[in-house]
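# A closer look at the structure
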Amino acid sequence: QTGSAPNHPSDSEDDEYITNVSIGTPAQVLPLDFDTGSSDLWVFSSETPSSSARGHTIYTPSKSSTSKKVSGASWSITYGDNSSSSGDVYTDTVTIGGFSVTGQAVESATKVSTQFVQDTSNSGLVGLALDSGNTVKPTKQKTWFSNASSHLAQPVFTADLNHQADGSYNFGFIDTTLASGPITYVPISTGNGFWEFTSASYAIGGGSSKKHSTDGIADTGTTLLLLDDTIVDAYYNQVESAQYDDSQEGYTFDCSEDLPSFSFAVGSSTITVPGSLINFAPVDGNTCFGGLQSDDGIGISIFGDVAIKAALVVFDLGNKRLGWAQK
Ligand code: 0ZP
C-alpha cells in the first residue's frame, strides 16, 4: 500500500508547508505542518483555549467514534525557535494521502505559545523524525510514519517541496519523475532521533569544492538552510552587497543582486541550491534576507526547506538512510 498527499507553501515566502490530514470518524480535516525535525503529531483541539484557537481548525475527539483517551498520558514540546505546546493524548484513525493508520497517537493541545496562536496557517504538526524524539509521558508514542511503515510497499517517504507551488509527500514509494538526477543515498546516524547525515564538502557558485564536514539534519519544519559560520561567511563574501544585519539577526543584501548557487556533497554526488532560492524574501524596501544563515547556538546544522526545495529527498527508514536527488 501507498499514500500520496499534496502540500502547499503557507505564503509567498514558503515559510512553512501545509498538508491536509484527516483525523477520526467521520473525518475531521486539519491543515498540518509536516516536520521531519520532530516526532510529535499534535493538533489544536476542543481542549485548546478558544482565545488561542481563533482562526485555527480544531480536532474534537468527542465527535469521533474512533477516538480513545490515553489515560494518564501527557506531552510537552519546545521547538528550536522557542515556540512550544503541550497537552493530553488520544488515539484515533489518521489518514494521510489516502493511507490510514488506526490507533495513532493524536496529541491534543491544552496550551500553545503565542507563535502558534498567531500563525493560523497550521493547526498542528505531524512529526516525521524518529520515534525516540517523541515527548509523550510516561510512554513514548510512535510517529504516524513509524506505524504506517510495516504496511507500506516500502518503508520510505519522500518530500517534494517547491517554491511558491504545490508539491507532495509520498509514502511507501519513490516517484523518480519528481527528480531530474539520480538518487544518492547516505547513511543516517540515529542516536539523536533525527534524519541526521554528514556532508563532506561544499562549493559556492562555480567555485572549487571545499572540504568541510557538516553534521546536519534534513528538516522540513525549518524554513532556512542553517550551516556553520565558516560556510555562511564564505558564501556572503561572494555577494557584493551582503552584510550581516544585527537587527534582522542574519545576512541581508540588495534584492536585485544575483546570488551564486550553493552546493553540498551527499556521498559522492552534490546537490545544488540555485541562488534564486537563497534570495529568501524582502525584509524592507530593496533589502532581502538570505535563505542561508548561521546555525550558531543550535548545535547541529539544518538542511531546511531552502535546501529541500532543490531536491527530492528520500527518508528511508528500512535502510536507515537519506536519499537526495537534484530536481
Ligand atoms: C522555523 O524555521 C520557523 C521560521 C523561522 C524561525 C526563525 C527565524 C526565521 C527567519 C526567517 C524565516 C523563518 C524563520 C518556522 C515557522 C514558519 C512559519 C511561521 C512560523 C510561526 C511561528 C513559529 C515558527 C514559524 N523554525 C525552526 C524550528 O524550530 C527554527 C529552528 N531553530 C530550527 C533551530 N532549529 N522548526 C521546528 C518545527 C517548527 C516549529 C514548525 C514552529 C513550525 C512551527 C523543528 O523542525 C526544529 C527541530 C530542531 C532540532 C532539529 C534542532 C525541533 O525543534 N525539534 C523538536 C525536538 C524536541 C528537538 C524534542
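For every chain, the first residue of the written sequence is number 1, and numbering continues from 1 along that sequence. This being a predicted model, a pLDDT of at least 70 is required before a residue's local features are given, and a value of 80 or more before pairs of side-chain atoms are given or counted; all residues contribute to the totals for chains, interfaces and linings. Derived side-chain values reflect all non-hydrogen atoms in the structure, with water molecules and hydrogen atoms excluded from consideration.

### Side note on the site of the ligand
- In the vicinity of the ligand lie 27 residues, with D35, G37, G80, D81 and D219 positioned nearest.
- Note that a nitrogen atom of the ligand is positioned 3.5 Å from one of the side-chain N or O atoms of T222.
- The accessible surface values rely on the Shrake-Rupley method and a 1.4 Å probe; as for residues, cover is taken only from the protein chains in view. Computed on the free molecule, the ligand has an accessible area of 1,100 Å², of which 76% lies beneath the protein chains in the complex.
- Taken together, the elements giving at least two residues each to the shell around the ligand come down to β3 (28-35) and α2 (114-118).
- Put simply, Ala, Val, Leu, Ile, Met, Phe, Trp, Tyr, Cys and Pro go in the nonpolar bin, Asp, Glu, Lys and Arg in the charged bin, and everything else, Gly too, in the polar bin. A class-by-class count of the residues in the shell around the ligand yields eleven nonpolar, nine polar and seven charged. Residue proximity to a molecule or strand is established when one non-hydrogen atom of the residue lies within 4 Å of it. Side-chain atoms alone can form a polar contact between residues adjacent in sequence; in general such a contact is a pair of N or O atoms within 3.5 Å, and within protein one must be able to donate a hydrogen while the other accepts it. Segments assigned H or I by DSSP are reported as helices when at least four residues long, segments assigned E as strands when at least two residues long, and all are numbered from the N terminus.

### Here we look at helix α4 (residues 229-237)
- Each residue is placed in one exposure class: buried if its accessible area under a 1.4 Å probe, protein chains only, is under 20% of its type's maximum, exposed if it is over 50%, and partly exposed if it falls in between. Residues of α4 that are buried include every one of I231, V232, Y235 and Y236, and no others. Take α4 and look down its axis: the buried residues cluster within an arc of 120 degrees, on one side only. Seen from the open side of α4, the exposed residues pointing more than 90 degrees away from its buried face are T230 and N237. The arc in question is traced by the directions running from the helix axis to the C-beta atoms.

### So, the state of the cysteines
- Two cysteine sulfur atoms form a disulfide, by the criterion used here, when they sit within 2.5 Å. As enumerated under the stated definition, the model contains one disulfide in all.
- In this model C255 forms its disulfide with C288; the gap between the sulfur atoms is 2.2 Å. Judged by the sign of its S-S torsion, about 105 degrees, the cystine formed by C255 and C288 is right-handed. Here C288 lies in strand β20 (residues 287-290) and C255 lies in the loop between β16 (250-254) and β17 (262-266), a separation of 33 residues in the sequence.

### Quick notes on the packing of aromatic side chains
- Stacked, tilted and edge-to-face are the three classes assigned to paired rings of Phe, Tyr and Trp, where Trp is represented by its six-membered ring and a pair needs centres within 6.5 Å; plane angles under 30 degrees give stacked, over 60 edge-to-face, the rest tilted. This structure, assessed with the given rule, holds 24 aromatic pairs.
- Between Y235 and Y236 the ring centres are 4.9 Å apart and the planes differ by 85 degrees, which places this aromatic pair in the edge-to-face class. Here Y235 matches Y236 in class, with each residue buried.
- Between Y236 and Y251, the aromatic rings sit 4.4 Å apart at their centres with planes inclined by 15 degrees, giving stacked as the arrangement.

### Regarding the domain arrangement of the protein chain
- Each domain's limits were defined by an automated method or a database of domain assignments. We note that the domain assignment places domain 1 (3-171) and domain 2 (179-326) within the protein chain.
- Averaged C-alpha coordinates put domain 1 and domain 2 at centres separated by 26 Å.
- Opposite the 25 residues of domain 1 that make contact, domain 2 presents 25 residues.
- With both sides pooled, the region where domain 1 packs onto domain 2 buries about 2,000 Å², and carbon together with sulfur makes up 58% of that total.
- Put simply, buried area is how much 1.4 Å-probe accessible surface two parts lose in total, over both of them, once they are put together. Its largest share of buried area at the contact with domain 2, domain 1 owes to T36, L130 and L161, together 28% of the area lost on that side.
- One speaks of a salt bridge when a side-chain nitrogen belonging to Lys or Arg is within 4 Å of a carboxyl oxygen belonging to Asp or Glu. At the surface where domain 1 touches domain 2, the tally comes to one salt bridge.
- Among the salt bridges present, the one from D14 reaches K309, with a minimum N-O distance of 2.7 Å.
- The element contributing the most residues to the side of domain 1 that touches domain 2 is strand β9 (residues 156-162), with seven residues.
- Broken down by class, the residue content of the side of domain 1 that touches domain 2 amounts to twelve nonpolar, seven polar and six charged. Here, two residues are considered to be in contact whenever any of their heavy atoms come within 4.5 Å of each other.

### Things to note about the sheet that holds β16
- Strands sit in the order β15-β16-β20-β19 across an open sheet of four strands; the sheet is antiparallel. Edge positions in the sheet fall to β15 (243-245) and β19 (279-284), since each of these pairs with one other strand and no more. The average angle at which neighbouring strand axes cross in this sheet is 45 degrees, direction not considered.
- A pair of strands is labelled paired if DSSP reports no fewer than 2 bridges between them. Note that β16 and β20 share three bridges and pair antiparallel. Within β20, the position partnered with F253 by the bridge is C288. Axes, fitted as lines to C-alpha atoms, cover a helix only where it is in contact. Angles between the N-to-C directions of the axes lie from 0 to 180 degrees.

### Comments concerning the pattern of salt bridges
- Throughout the structure, instances matching the rule amount to four salt bridges.
- Of the charged contacts in the structure, one is a salt bridge between K69 and D88, with a shortest N-O distance of 3.4 Å. Note that K69 is positioned in strand β5 (residues 68-78) and D88 in strand β6 (residues 84-96), a separation of 19 residues in sequence.
- Exposure remark for K69: the relative accessible area of 49% places this residue in the partly exposed category.
- Among the ionic pairs, D160 bridges to K327, the shortest N-O distance being 2.8 Å. Remark: K327 occurs in the segment after β24 (321-326) and D160 occurs in strand β9; sequence separation between them is 167 residues.
- Take D160: its relative accessible area is 7%, and that puts it in the buried class.
- A relative accessible area of 28% means that K327 is categorised as partly exposed.

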